[in-house]
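Letter by letter, the chains look like this.
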Amino acid sequence: MRRSLIMGNWKMNGSREDGQKLAQALADGLGNVQQEVAVCVPFVYLSDIRSVLAASPIALGAQNVADQASGAYTGEVSAAMLSEVGCKYALVGHSERRSYYGDTNESVAKRFCQALSKGVVPVLCVGETLEEREQDRTFQVVDEQLDAVIAAAGIEAFETAVIAYEPVWAIGTGKVATDEQAQEVHKYIRQRIADRNPVIAEKVQILYGGSVKPDNAKGLFAMPDIDGGLVGGASLDAKGFLQICHSV
């Protein structure tokens, strides 16, 4: 039985004090939950938030990871650095990185491999734009994004990785895929993994990301192939994020 994972992505929001208060509120309010919970924090606040969450089951994640191990790569943060400050997870290939900063399927695959090499769990983000969905290319786009990582890391890498399906047209727009639309793509992703290794397919956590909120989380998380959520804006509100955590 797969364990659910609820992951908050704070993106580039908040001050140091805001982050500490939010993390403390989550730690105080989480209570006994069966699912895993994590927050992906801006690089500069990772150590601060680690201290706040030290006695909490909430795991720490980064929003990106470098595609190189070390060297003259100004502005990048390596997987080794993330591991050293206590990161369990790192997002790779988030749609905003692909859209705004030129991440390609190939560079995302390198980031994925770098995370794995240092024991950081990569959370591979995949998903289509509105134009691609309207052109009926959703599955093609997801295939290309998945296949680049499988070619670089091997299917076995998904024993220690997470996948997040995030329809780009639903991120930060207030739109959300219906429960059935999300389940259709999650099922497809799981089958693509199963075609190569059915055992891994049954184990891998596949999250939904795209305007997850307290009022739609329960229906999404009830779908058989949706194992939790990658939560954006709603993760900045402690009360709302905790409601989502308890929707599983």
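All figures in this text were calculated on a predicted structure; none of them were measured in a lab.

Participant: Could you clarify how one ought to interpret the pattern of salt bridges in this entry?
Facilitator: Two side chains carrying opposite charge are able to pair once their charged atoms lie near each other. Scanning the model with the defined rule gives 15 salt bridges in all. Between Lys21 and Glu17 there is a salt bridge whose closest N-O contact spans 3.1 Å. With a gap of four residues between them, Lys21 and Glu17 both fall in helix 1 (residues 16–29), about one helical turn apart. Salt bridges sharing partners connect three or more residues here, namely Arg2, Arg190, Glu202, Asp225 and Asp227.

Participant: What am I meant to see in the UniProt feature "active site" (unreviewed entry) in the protein chain here?
Facilitator: Mapped onto this numbering, the UniProt entry annotates "active site" (unreviewed entry) at His94 and Glu166. For this annotated set, covering 73 residues, all C-alpha atoms fall within 8.3 Å of each other, a compact arrangement in space. Assessed through its relative accessible area of 5%, His94 is described here as buried. For His94, the contacting residues outside a window of four places in its chain are Asn9, Lys11, Cys125, Glu166 and Leu230. Reaching out from His94, the side chain makes a polar contact with the backbone nitrogen of Glu96 at a distance of 3.0 Å.

Participant: Is there a simple way to think about the UniProt feature "binding site: substrate" (unreviewed entry) in the protein chain in this case?
Facilitator: Within the UniProt annotation, "binding site: substrate" (unreviewed entry) is assigned to Asn9, Trp10, Lys11, Gly172, Ser211, Gly232 and Gly233. Annotated residues spanning 225 residues; largest pairwise C-alpha distance 13.6 Å, indicating a single compact cluster. In this fold, Trp10 is placed in the loop between strand 1 (5–9) and helix 1. Excluding its chain neighbours within four sequence positions, the residues that come into contact with Trp10 are Gly19, Leu22, Ala23, Val39, Cys40, Val41, Pro42, Ile49, Gln63, Ser235 and Leu236. Structurally, the position occupied by Gly233 is in the loop between strand 8 (228–231) and helix 11 (238–245).

Participant: Any chance you could explain the nonpolar core here in plain terms?
Facilitator: Membership of the largest hydrophobic core comes to 66 residues, with the highest contact counts inside it found for Val39, Ile49, Leu124, Phe158, Ile163, Ile189 and Tyr208. Per-element tally for this core: the top contributor is helix 11, with five residues. Apart from residues no more than four positions distant in its own chain, Leu124 is found in contact with Val92, Arg98, Val108, Phe112, Leu146, Val149, Phe158, Val162, Ile163 and Ala164. Counting 14 residues, the second largest nonpolar core, distinct from the first, contains Val123, Val162, Leu207 and Leu230.

The rules behind these values
Along each chain, the written sequence defines residue order, and numbers are assigned to residues from 1. Local features in a predicted model are, by the rule used here, given only for residues with pLDDT of at least 70; side-chain atom pairs are given and counted only at 80 or more, and totals for whole chains, interfaces and linings are based on all residues. Side-chain metrics in this entry use all non-hydrogen atoms of the structure; hydrogen atoms and water are not considered. Here, a salt bridge means any Lys or Arg side-chain nitrogen found within 4 Å of an Asp or Glu carboxyl oxygen. Only runs of H or I of at least four residues qualify as helices and only runs of E of at least two qualify as strands under DSSP, and these elements are numbered from the N terminus. UniProt positions are given in the numbering used here, feature names are shortened, and annotations may be inferred rather than shown by experiment. Only protein chains enter the accessibility calculation, which uses a 1.4 Å probe; a residue is then buried when its area is under 20% of its type maximum, exposed when over 50%, and partly exposed in between. Every residue pair with non-hydrogen atoms within 4.5 Å of one another is taken to be in contact. Any pair of nitrogen or oxygen atoms within 3.5 Å is treated as a polar contact; in protein, a donor-acceptor pairing is required on top of that, and neighbouring residues in sequence qualify only through side-chain atoms on both sides. In plain words, nonpolar cores are sets of buried Ala, Val, Leu, Ile, Met, Phe, Trp, Tyr and Cys residues tied together by side-chain atoms within 4.5 Å.

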